[in-house]
Amino acid sequence: TRFWAHAVFDAIRDGAGKLIGFANVTRDLTERKTTQDALRQSEQQFRLLVEGVTDYAIYMLDPTGRVASWNTGAERIKGYKASEILGQHFSRFYTEEDRLAGAPEKALETAIREGRFEKESYRLRKDGSKFIAHIVIDPIFDERRGVIGFAKITRDITEREESRLALERTREQLFHSQKMEAIGKLTGGVA
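Owing to the predicted nature of the structure, the values given are computational and were not obtained by experimental measurement. (Residues numbered from 1 in each chain as written. Predicted model: local features only at pLDDT ≥ 70, side-chain atom pairs only at ≥ 80, totals over all residues. Heavy atoms only, no water.)

Some details on the pattern of salt bridges
A complete count under the given rule lists 12 salt bridges for this structure. The shortest N-O distance in the salt bridge between Asp 55 and Arg 76 comes to 3.7 Å. A residue pair is termed long-range when its members are at least 10 positions apart, and Asp 55 in the loop between helix H1 (30-52) and strand S3 (57-61) and Arg 76 in helix H2 (residues 72-78) qualify at 21 residues. In this structure, the salt-bridge partner of Asp 156 is Arg 125, at a minimum N-O distance of 2.8 Å. With Asp 156 in strand S6 (residues 147-156) and Arg 125 in the loop between strand S4 (117-124) and strand S5 (130-141), this residue pair connects regions lying 31 residues apart in the sequence. The class of Asp 156 is partly exposed, set by a relative accessible area of 27%. (Salt bridge = Lys/Arg side-chain N within 4 Å of Asp/Glu carboxyl O. Helix = DSSP H or I, 4+ residues; strand = E, 2+ residues; numbered from the N terminus. Buried < 20%, exposed > 50% of the residue type's maximum accessible area, 1.4 Å probe, protein only.)

In structure tokens:
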């Protein structure tokens, strides 16, 4: 059978420097190679999964809040290509008011302190337009509980919120209409 090997050959020489043979050390790397291949395949599947999601902006931040990865959903929702945003600070998606209030820093601090940050708030697209976002930030820790980055997920919920507000307005109008009808009947009955 064949196997993956790491081989080292050393020349063996006598006292006069004449070659008298070779020393060979061979190590079987089949198990390590199989593990590496499985890990590579798993990473590729995960990357394809994250890239295939288009309804959610899924990306990583480094410990300082700079964008370290960017999926297709992030490009669709926020309008930036990965080449335009990688290395940039995620605060650029916040409104000016939120940046001045320190909201980006508070979000990361809360994620570290509480293990998660979640909020619905306005965010900015590349073209400057605002959208209502549902945001989740989870810290990523190393073995010693040191922060090595953040996983960030953003979903555009503008349409859902606009539908909810329209439904509330319709209910209020219906209630007002029913109230006016009741008052009209009462007034008619009194007359």
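Read on, since the account is not over.
What to know about the pairing of S3
Successive residues of a regular strand alternate their side chains across the two faces of the sheet. Covered by surrounding structure in S3 are Ala 57, Tyr 59 and Leu 61 only, the residues Ile 58 and Met 60 on the alternate face being uncovered. Strand direction decides the pairing type here: S3 and S6, joined by 5 bridges, are antiparallel. The residue bridging Tyr 59 from the neighbouring strand is Lys 152, located in S6. (Pairing = 2+ DSSP bridges.)

Things to note about the environment of Leu 19
Positionally, Leu 19 belongs in strand S2 (residues 19-28). With residues up to four places along the chain from it excluded, the contact list for Leu 19 reads Ala 11, Ile 12 and Arg 13. (Contact = heavy atoms within 4.5 Å.)

Observations concerning the packing of aromatic side chains
This model, assessed by the stated rule, comprises 5 aromatic pairs. On the basis of an interplanar angle of 20° and a centroid distance of 5.7 Å, the ring pair of Trp 70 and Phe 93 is categorised as stacked. A residue pair is termed long-range when its members are at least 10 positions apart, and Trp 70 in the loop between S3 and H2 and Phe 93 in the loop between helix H3 (82-85) and helix H4 (96-100) qualify at 23 residues. Ring geometry for Tyr 80 and Phe 93: centres 5.9 Å apart, planes at 65°, overall edge-to-face. Here Phe 93 lies in the loop between H3 and H4 and Tyr 80 lies in the loop between H2 and H3, a separation of 13 residues in the sequence. (Phe/Tyr/Trp six-rings, centres within 6.5 Å; stacked < 30°, edge-to-face > 60°.)

Function cannot be inferred from these measures alone, as they are strictly geometric.
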